[in-house]
Amino acid sequence: MHQTSSSGSPEALFRASDSELMALLGLQALPLVKQPDEVLAMGRSGDLYGNPEQLGGGEFEHGGLAQVGKIFLRTWAVELQKAICTKGTLYKKLREKGSHQTDVLVAVAIGGLSSAIPALAPFSGLITVLSVLLVKTGVDAFCQMLSDKGSPLLK
Amino acid sequence: MSRVFGSSYESVMFDGKPLEIVSQDVPEFRSMERQFGSLRRVGVVAYFPVETKTGMATIRFESSSTGSGFTKSIAKSGSLSRQKLIDLELQAGQPLANSARGDLQAALLPADRTIDAGKTVFIIDNAYYGLLPEALEFHGGAVLSSSNLATALDTLKFLQEKQVKPEDFTAFVGYPESDEDLKAVFKDQPTATLDTWKERSGEIRKLSDEFKFKLYGSSELNKLPDKNAVLHEIENSKGIVWITAHSSGCRVRLSAGEAVEISASDIAGLHLTKKPFVIVRACNGNEAGFAKAFISAGARGVWVNQGKIQASEVNSQLKEFLAASQQKTLAQAIETVKQSSPLAAHATGLHVELILPEGEHAPNQ
């Protein structure tokens, strides 16, 4: 039986940069998009070591995990589009609430994604990060990003 | 520059009704009234976010052909706090942060954005909120904290029409190139490894060879005798690329082995007689006050990044800018970079002609 956990503090995630969120998403999605032997290969080639080369410090910077996050979004794009972008219940709820109540929107997204994509429901951390990313980006821009195969945001 | 809580407020009038704004914003408000009153030209708009007792309000100025016929109005007034504004602005610089940009625009700007179509729009960031026109989706706009609006307009025109060739730039780059540099720059908390920094530094050196601009990398800076020698080189540049690897300033190791830090206040004290165009890329470059420091030292314009940025992204933006500068004007070259880099599109902005009000000092001073 799966044990659910709390979604933590989405507010803190909301203050994270795009690259931090993408790296977090990659970390949460690693078991979904990489086989154990691939993770082993990543580890051996140094892809799991962070190499924060930003000017100044204090940020969780991890190019390898951010890439995994982008792979997750590309791999699960169809399911995510079906859940979010088909102008169904979740889409309407996210649009209805407006962009001002981010905490409410994140809660709506967590509930909506968990029920719309049961395969992801056990991964509560992943759903939380994904929901923050969705709310931060805005539902229409998020859907546009998923549908644009050449999006620079997913390269 | 921080403000002290419990600031005093003064009334300014709009159509006979008073608006209580924080006293520190009043001199700039009066200055803008004078500027717009004497600017006989249509199509110039400035948005000036001010603090009121209940939250932020935005004052909108628009010029007229008669000068005295200019309009000033309260474009927006709400309960947004100063801190929330700073938070939103920081988030708004991220390419994916459409919701933060939407919130920021809803909090500061009028609902009808068509009133600014085709006009030159300036943002007045009197209190160092870190506001950039890009976050408010004013493309081609600039940040202004100026006591000379006409000069600022000329500067914007200059940037739109003039070219600065890559070879006219001098680059000051604070990437570490040795173990000693790494320690001098980051003390005991290096971010990336030395190999990574050397790789990034090598990329800049390659760009210097390709585009023929003068480079002061770590090796060249190490040969200079003291901090004044570095500052002297900056003062004599026609165009400047300023890249620091550390947030608070550019830490460099000089020939005597001494590590010095060149901060925004050092820059503000310079006399840039050649009125250079400056590209600043630093951790929190806009927020740390480098743009305003260069402008107050005499730079014609500064293109600055906001928030954190990776060295590889800096190099990529620089390469694209230099390549475009061979054929295009400064403004066009910037636009070229923005079109290929989502981070440049949302987290960089142009500052023009800051002349600090009398008695005020540059940030960090």
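The residue numbering used here restarts from 1 in each chain and proceeds along that chain's sequence as written. Chain letters start at A and ligand numbers start at 1, both assigned in the order the entries are written. At least 70 in pLDDT is required for a residue's local features to be given in this predicted model, at least 80 for side-chain atom pairs to be given and counted, and no such filter applies to totals for whole chains, interfaces and linings, which use all residues. The side-chain numbers reported here are obtained from all heavy atoms of the structure, hydrogens and water having been left aside.

K.L.:
I tried to follow the overall build of chain A on my own but got confused; where do I start?
P.N.:
When helices and strands are counted, chain A shows 9 helices and 0 strands. Secondary structure elements in chain A, listed N-terminal to C-terminal, are α-α-α-α-α-α-α-α-α. Contact definition: two residues touch when any of their heavy atoms are within 4.5 Å. In chain A, the proportion of contacts linking residues at least 24 apart, taken out of those at least 6 apart, comes to 68%. Helix and strand definitions follow DSSP, with helices as H or I runs of at least four residues and strands as E runs of at least two, each counted in order from the N terminus.

K.L.:
Looking at this structure, how should I read the nonpolar core?
P.N.:
What tends to happen in soluble globular proteins is that the nonpolar side chains get buried as a cluster. Take the buried Ala, Val, Leu, Ile, Met, Phe, Trp, Tyr and Cys residues and link them wherever side-chain atoms come within 4.5 Å; each set so joined is a nonpolar core. Accessible area is worked out with a 1.4 Å probe on protein chains only. A residue is then buried under 20% of its type maximum, exposed over 50%, and partly exposed in between. Judged by nonpolar contacts, the single largest core of 64 residues is most densely connected at Phe61(B), Phe122(B), Phe169(B), Tyr175(B), Phe277(B) and Phe321(B). By residue number, the principal contributor to this core is helix 11 (residues 311–325) of chain B, which donates 6 residues. Residue ranges assigned to the domains are those given by an automatic or database domain assignment. Lining this core are residues from two domains, each supplying at least three of them: domain 1 (9–144) and domain 2 (161–352) of chain B. Phe277(B) has contacts with Leu159(B), Phe169(B), Lys238(B), Gly239(B), Ile240(B), Gly301(B), Val302(B), Trp303(B), Phe321(B), Leu330(B), Ile334(B) and Leu350(B), leaving out every residue within four places of it along the chain. Ala16(A), Ala66(A), Leu94(A) and Leu120(A) belong to the second-largest nonpolar core, a separate cluster that totals 48 residues.

K.L.:
How should I be thinking about the interface of chain B and chain A in this particular structure?
P.N.:
Each side of the interface is counted separately: chain B has 32 residues, and chain A has 26 residues. Overall, the association of chain B and chain A removes approximately 2,300 Å² of surface from exposure, summing both partners, and the carbon and sulfur fraction of that is 54%. Salt bridges are counted wherever a side-chain nitrogen of Lys or Arg sits within 4 Å of a carboxyl oxygen of Asp or Glu. On inspection of chain B and its partner chain A, the count reaches 1 salt bridge. Between Arg15(A) and Asp87(B) there is a salt bridge, with its nearest N and O atoms 3.1 Å apart. A 3.5 Å cut-off defines polar contacts: any pair of N or O atoms within that distance qualifies, except that in protein one atom must be a possible hydrogen donor and the other a possible acceptor, and neighbouring residues in sequence count only when both atoms are side-chain atoms. Connecting chain B to chain A are 8 residue pairs in polar contact (both at pLDDT 80 or more). Where the side of chain B that touches chain A is concerned, the elements lending two or more residues are helix 2 (82–92), helix 3 (98–108), helix 6 (194–211) and helix 11 of chain B. In terms of residue count, the dominant contributor to the side of chain B that touches chain A is helix 3 of chain B (4 residues). Just so you know the grouping, Ala, Val, Leu, Ile, Met, Phe, Trp, Tyr, Cys and Pro go in nonpolar, Asp, Glu, Lys and Arg go in charged, and all remaining residues, Gly too, go in polar. Among the residues forming the side of chain B that touches chain A, the class breakdown is 15 nonpolar, 12 polar and 5 charged. Buried area is understood as the total, over both parts, of accessible area removed when two parts are fitted together, assessed with a 1.4 Å probe.

K.L.:
What am I meant to see in the pairing of strand 14 (residues 301–305) of chain B here?
P.N.:
In the case of a regular strand, side chains alternate between the two sheet surfaces. All names here are of chain B. Counting buried positions along strand 14 gives 5 out of 5 residues, so the element sits mostly inside the fold. At least two bridges found by DSSP between two strands are what make those strands a pair. Where strand 13 (residues 277–281) lies against strand 14, 4 bridges are found, and the strand directions are parallel. If you follow Phe277 over to strand 14, its bridge partner there is Gly301. Handedness rule for crossovers: strands pointing away from the viewer, path from the first strand over the helix to the second running clockwise, crossover right-handed. Handedness of the β-α-β unit built from strand 13, helix 10 (residues 290–296) and strand 14 comes out right-handed. Of the strand pairs in this sheet, strand 14 and strand 15 (residues 348–352) are connected by 5 bridges, and their pairing is antiparallel. Residue pairing in the sheet places Gly301 in a bridge with Val352 of strand 15.

K.L.:
Even after reading the chapter, I still don't get the state of the cysteines, so can you show me in this structure?
P.N.:
A covalent bond between the sulfur atoms of two cysteines is referred to as a disulfide. Residue and element names in this part refer to chain A. By convention in this document, the label disulfide applies to cysteine sulfur atom pairs within 2.5 Å. Throughout the structure, instances matching the rule amount to 1 disulfide over all chains. For Cys85, the disulfide goes to Cys143, at an S-S distance of 2.1 Å. Handedness here is read from the sign of the S-S torsion; for Cys85 and Cys143, about -95°, the answer is left-handed. Placement of Cys85 in the loop between helix 5 (77–84) and helix 6 (89–96) and of Cys143 in helix 9 (residues 139–147) is noted, with a sequence separation of 58 residues between them. For the residue pair Cys85 and Cys143, the accessibility class agrees, reading buried in each case.

K.L.:
How should the pattern of salt bridges be read in this particular structure?
P.N.:
Opposite charge on two side chains makes pairing possible when the charged atoms of those side chains draw close. Residue and element names in this part refer to chain B. Going through the model one piece at a time under the given rule, you end up with 19 salt bridges over all chains. Of the charged contacts, one joins Arg60 and Asp116 as a salt bridge, the two residues approaching to 2.8 Å between their closest N and O atoms. Residue Arg60 is found in strand 4 (residues 56–62), and its partner Asp116 is found in the loop between helix 3 and strand 6 (120–123); the two are separated by 56 residues along the sequence. By relative accessible area, Asp116 is classed as buried at 5%. One salt bridge in this structure joins Arg200 and Glu199, with 3.5 Å as the shortest N-O distance. The buried category is assigned to Arg200, whose relative accessible area is 10%. Glu199 sits in the partly exposed class, given a relative accessible area of 47%. Via salt bridges that share partners, Arg60, Glu62, Asp116 and Lys119 belong to a single interconnected network.

K.L.:
Honestly, helix 4 (residues 63–75) of chain A in this entry has me stumped. Any pointers?
P.N.:
What sets the pattern is the α-helix's 3.6 residues per turn: residues three or four places apart point alike. Residues and elements named next belong to chain A. Given a helix with a known number of residues, its expected span is that number minus one, times 1.5 Å. End to end, helix 4 covers 18 Å across 13 residues, agreeing with the expected 18 Å (1.5 Å per residue, within 8%). Of all the positions in helix 4, only Leu65, Ala66, Val68, Gly69, Lys70, Phe72 and Leu73 are classed as buried. Along its buried surface, helix 4 packs onto helix 2 (18–33), helix 3 (36–44), helix 5, helix 8 (124–137) and helix 9.

K.L.:
Please explain helix 2 of chain A as it appears in this structure.
P.N.:
Residue and element names in this part refer to chain A. Of all the bends in helix 2, the greatest reaches close to 40° and is centred on Leu27; the proline Pro31 follows between one and four positions later. Buried within helix 2 we find Asp18, Glu20, Leu21, Met22, Ala23, Leu25, Gly26, Ala29, Leu30 and Val33. Lining the buried residues of helix 2 we find helix 1 (10–14), helix 3, helix 4 and helix 8. To get the bend at any residue, fit one axis to the seven residues that end at it and another to the seven that begin at it, then take the angle between the two axes.

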